[in-house]
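Remarks on the overall topology
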Amino acid sequence: VDEDRAVVQGLLHRAGLEVPEPDISAMIQSYGATGKMIELLYAVDEAGEEWPALRFTAVRRAAN
Amino acid sequence: MDPTGLPLTIEAASAALRDGSLTSVEMTSRGLERADQHDDWLGSFIARFEESALARAAQADEELARGHDLGPLHGIPIGVKDIFAAREGATTAQSVVLDPAWGAGKDAVVVSRLRAAGAVIVGKTTTMEFAIGLPEAAKPFPVPVNPWRAECWPGGSSSGSSSGVAAGFFLAGIGSDTGGSIRIPAALCGVTGLLPTFGLVPRTGVVPLAFSIDRVGPLALTAWDCAAVLQAIAGPDPGDPDSVDVPPADLLSGSDEGIAGMRIGVVREHHLEGAQAAVVEAYEAAIDTLRELGAQLSETSLPLYHELTAATLVTIWSEAGAYHHRTLGRRWSDYTAGARTMIGSSAFISGADYVQAQRVRGVAQRRLGELFAQFDLLVTPTISMPAPPLEASTSPENGRRLHTLYWNLLGNPMLALPIGFADGLPLGMQIAASPFAETTLLRAGRAFQRQTDWHRRLPELEVTRG
């Protein structure tokens, strides 16, 4: 837990966020949950999915 | 008409305005009077525009009387979520952080299109801070509650636009949806919500949450009413780089054609685990109704369900983190706890993680496209529980029962509609179609609502207030 606290405080500081102590435990919890979500994203890669070209919009603008 | 004398739907009100049995002034006044009676505890409005609304209503009556007819929204009272600029007053995004000068004196494109269609803008409605954080009583904004049970969450973030429709304050509300913010309050308040295809409705003049995801859409009592609003607000706009350069389809003609022969995929996997019996029964009864209407149903699964849900959250937090970077660093404690925790979590996501989320998005879009080669529509529960108590609305257990996030990165249009009750609280189902297939979606919603009456059941506010 102490290790997570140090990592979380470091990441928040790097992002320019001065988070007061009462909120740090919520941010540590969120750090853990976010890490699990990110693992899920890379698990798709490990499954050998054939990746389509990257795009950032939600639908193709085929009609444009 | 309901016991208050207000028409229940835009469709009915529109007919009444034209046959002379109702005036817009009468309808607008009654909605505002109802808000006078109940909005102190319901919290649907952040600001009401009585004077300008009644003036516009009088103008609409005069225009209709001389045959100048702007279409089904002419003279119809509409509430607008307070992340949309409207010239009558400030936009707050329900936050003390947003610059009070943001959007001052201007209309969001959607608001100006509603005005052009003759709608009466009755006020700004409550949301969650920046459409993401939960309201807090300590902040200078109303805390919206559920019109069916005041101790319960109305859903968010388009809370007031949804509860105001259920309460009869106005006939349609404008909302936005980045993780479920139209569909969740529609389900929990027992109204209908429409999430249009990404890019169909411009976000110009709307406070952003996540640039590549945010969508704008209506809440009303019926699918037909939602279609009427979408018809007025859809269409390209150069101010929104994601606006799609296609004219909106004709959404109202053909809405009565029914769904006989339509291929509908029914999703249960990941959506009903641990749900109470009444929730499962209501969903199965809704499926039976679709079958009775002649649809061809078969069970299916959503590809990459958990992975895409995770990708949505990673994307929302990252994009919101970029937008709020400067102010969150300086004014952390001015944000609500929910907003600052979620937006601040962008600090835990690397650039590579964000890009990986977009790659997952691309894979899921392709796989879902393959699924839509087999089906015209997909249906799932919107939320597999009735409205939770306000204090439990963000618990992890309840979060797993919200089934909206999966769809936000995909861009498909969706209709959320009421399907029954559990413990006296509304339940909802969502229907998805291929991008730009709103006409198919609305046909299904119309057919379902001609066969059922869940959308016509309204809360008795006097009973809810106690």
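First, a word on what this report is: a plain description of the structure on this page. Per chain, residue numbering runs from 1 following the sequence as it is written. Here the convention is simple: chains get letters from A, ligands get numbers from 1, in the order in which they are written. For this predicted model, a pLDDT threshold of at least 70 governs which residues receive local features, and a threshold of 80 or more governs which side-chain atom pairs are given and counted, while totals over whole chains, interfaces and linings are taken from all residues. Only heavy atoms go into the side-chain values, all of them from the structure, while hydrogens and water stay out.

Quick notes on the overall build of chain B
The cut-off we apply is this: Each helix is a run of DSSP H or I of at least 4 residues and each strand a run of E of at least 2, with the numbering of both proceeding from the N terminus. In this setup the radius of gyration rests on C-alpha atoms only. A globule is expected at 2.2 Å times the number of residues raised to 0.38. Exposure is judged per residue with a 1.4 Å probe applied to protein chains only, and the accessible area is read against the type maximum: over 50% gives exposed, under 20% gives buried, and values in between give partly exposed. Two residues form a contact once any of their heavy atoms are found within 4.5 Å. Here Asp and Glu are counted as negative and Lys and Arg as positive; His is not counted, and neither are the chain ends. The location of each charge is read from NZ of Lys, CZ of Arg, CG of Asp or CD of Glu.
A tally of regular secondary structure across chain B gives 15 helices and 11 strands. Whereas a compact globule of 466 residues would reach a radius of gyration of roughly 23 Å, chain B reaches 20 Å, a difference of no more than 12%. Over its C-alpha atoms, taken along the principal directions, chain B stretches across nearly 60 × 60 × 50 Å. A burial count over chain B gives 65% of its 466 residues as buried. Counting contacts in chain B only where the partners sit at least 6 residues apart, residues at least 24 apart contribute 79% of the total. Considering chain B, the positive charge centre built from 36 side chains and the negative charge centre built from 51 side chains are found 4 Å apart.

As for the overall build of chain A
The line we're drawing: All accessibility values rest on the Shrake-Rupley procedure with a 1.4 Å probe; residue burial counts only the protein chains present in the view.
The secondary structure content of chain A amounts to 2 helices and 0 strands. Looking at chain A as a whole, 30% of its 64 residues qualify as buried. For chain A, the exposed surface amounts to about 4100 Å²; the carbon and sulfur share of it is 53%.

Section: the pattern of salt bridges
Residue and element names in this part refer to chain B. Basically, it comes down to this: For salt bridges, the criterion is a side-chain nitrogen of Lys or Arg within 4 Å of an Asp or Glu carboxyl oxygen.
The tally for this structure, following the rule as stated, stands at 26 salt bridges over all chains. Taking the shortest distance from any N to any O, the salt bridge between E62 and R66 comes out at 2.6 Å. Judged by its relative accessible area of 53%, R66 is exposed. One salt bridge in this structure joins R401 and E397, with 3.6 Å as the shortest N-O distance. When its relative accessible area of 47% is taken as the criterion, E397 is described as partly exposed. A single network of salt bridges, built from pairs that share partners, joins E11, D256, R446 and R450.

Considerations on the interface of chain B and chain A
We count it as follows: Defined here as a combined quantity, buried area equals the accessible surface (1.4 Å probe) lost by two parts on assembly, summed across both.
Tallying the contact residues gives 49 residues for chain B and 36 residues for chain A. The junction of chain B with chain A conceals about 3600 Å² of combined surface from both sides, 67% of it contributed by carbon and sulfur atoms. Taken together, the connections running from chain B to chain A amount to 1 salt bridge. Ionic pairing is found between D23(A) and R340(B), a salt bridge with its closest N-O pair at 2.7 Å.

A closer look at the side chain of T336(B)
Short version of the rule: Pairing of N or O atoms within 3.5 Å defines a polar contact, subject to two protein rules: one partner must be a possible hydrogen donor and the other a possible acceptor, and residues neighboring in sequence count only if both atoms are side-chain atoms.
Along the chain, T336(B) turns up in the loop between α9 (305-330) and α10 (337-344). A polar contact is formed between the side chain of T336(B) and the side chain of E129(B), at a distance of 2.6 Å.

Considerations on the sheet that holds strand β1 (residues 45-48) of chain B
Residues and elements named next belong to chain B. Inclusion rule: Criterion used throughout: strands pair if DSSP finds at least two bridges between them. Here, axes are lines fitted to C-alpha atoms. For helices the fit covers the stretch in contact, and angles between N-to-C directions go from 0 to 180 degrees.
Spatially, 11 strands are ordered β1-β3-β2-β4-β6-β5-β10-β11-β9-β7-β8 in an open sheet, and the strand pairing comes out mixed. The sheet terminates laterally at β1 and β8 (296-300), the two strands that pair on one side only. Each strand axis lies, on average, 30° off the axis of its neighbour in the sheet, ignoring direction. Lying over the sheet, helix α3 (residues 50-65) contacts β1 and β3 (120-125), oriented at roughly 155° with respect to β3. Relative to the sheet, helix α11 (residues 351-374) contacts β7 (263-267), β8, β9 (377-381) and β11 (425-433), its axis offset from that of β9 by approximately 110°.

Thoughts on the packing of helix α7 (residues 223-233) of chain B against helix α14 (residues 438-451) of chain B
All names here are of chain B. Cut-off, in case you're wondering: We call two directions roughly parallel when the angle between them is under 35 degrees, roughly antiparallel when it is over 145, roughly perpendicular when it lies between 65 and 115, and oblique otherwise. Only Asp, Glu, Lys and Arg are considered charged, only Ala, Val, Leu, Ile, Met, Phe, Trp, Tyr, Cys and Pro nonpolar, and every remaining residue, Gly among them, polar.
Where α7 meets α14, the axes come as close as 8 Å, and the angle between the chain directions of the two elements is 150°. Judged by the inter-axis angle, α7 sits roughly antiparallel to α14. Residues A223, W224, A227 and L230 of α7 form the contact with α14, whose participating residues are E438, L442, G445, R446 and Q449. Split by residue class, the contact of α7 with α14 holds 5 nonpolar, 2 polar and 2 charged.

Regarding the environment of L461(B)
Residues and elements named next belong to chain B. Among the structural elements, L461 can be located in helix α15 (residues 461-465). Linking L461 and G168, residues 293 residues apart in sequence, is a C-alpha distance of 9.8 Å. Dropping the residues within four chain positions of it, L461 is found in contact with R34, H38, W41, P147, A167 and F169.

As for helix α1 (residues 2-14) of chain A
Under the convention used in this document: Expected span, for any helix, means 1.5 Å times one less than how many residues it has.
With 13 residues, α1(A) should cover 18 Å at 1.5 Å per step; its first-to-last C-alpha distance of 18 Å lies within 8% of that length. Phi turns positive, to about 80°, at G16(A), one or two residues after α1(A).

Description of the pairing of strand β10 (residues 414-422) of chain B
Residues and elements named next belong to chain B. A large share of β10 lies buried, amounting to 8 of its 9 residues. Both strand β5 (residues 192-195) and β10 contribute to a ladder of 3 bridges, which runs antiparallel. Bridge pairing in β10 links L195 to M414. By the bridge criterion, 8 bridges tie β10 to β11 in an arrangement that is antiparallel. Bridge pairing links M414 to A432 in β11. Remark: 2 residues form the turn of the hairpin made by β10 and β11, two consecutive strands paired antiparallel; D423 in that turn has positive phi of roughly 55°.

Describing the side chain of N398(B)
All names here are of chain B. Looking at where N398 falls in the secondary structure, it is placed in helix α12 (residues 396-399). Take N398: its relative accessible area is 12%, and that puts it in the buried class. When sequence neighbours within four positions are dropped, the list of residues in contact with N398 reads M385, P388, A392 and S393.

Describing the environment of A90(B)
Residues and elements named next belong to chain B. Residue placement: A90 occurs in the loop between β2 (77-81) and α4 (109-116). A90 sits 14 residues away from A104 along the chain, and the two C-alpha atoms are 5.9 Å apart. Dropping the residues within four chain positions of it, A90 is found in contact with D82, P100 and K124.

Brief notes about the state of the cysteines
Residue and element names in this part refer to chain B. Rules: Pairs of cysteine sulfur atoms within 2.5 Å are what we label disulfides.
A complete count under the given rule lists 0 disulfides over all chains for this structure. Free of any disulfide, C152 has its nearest cysteine sulfur in C189, 11 Å distant. No disulfide involves C226; its sulfur sits 13 Å from the nearest other cysteine sulfur, which is in C189.

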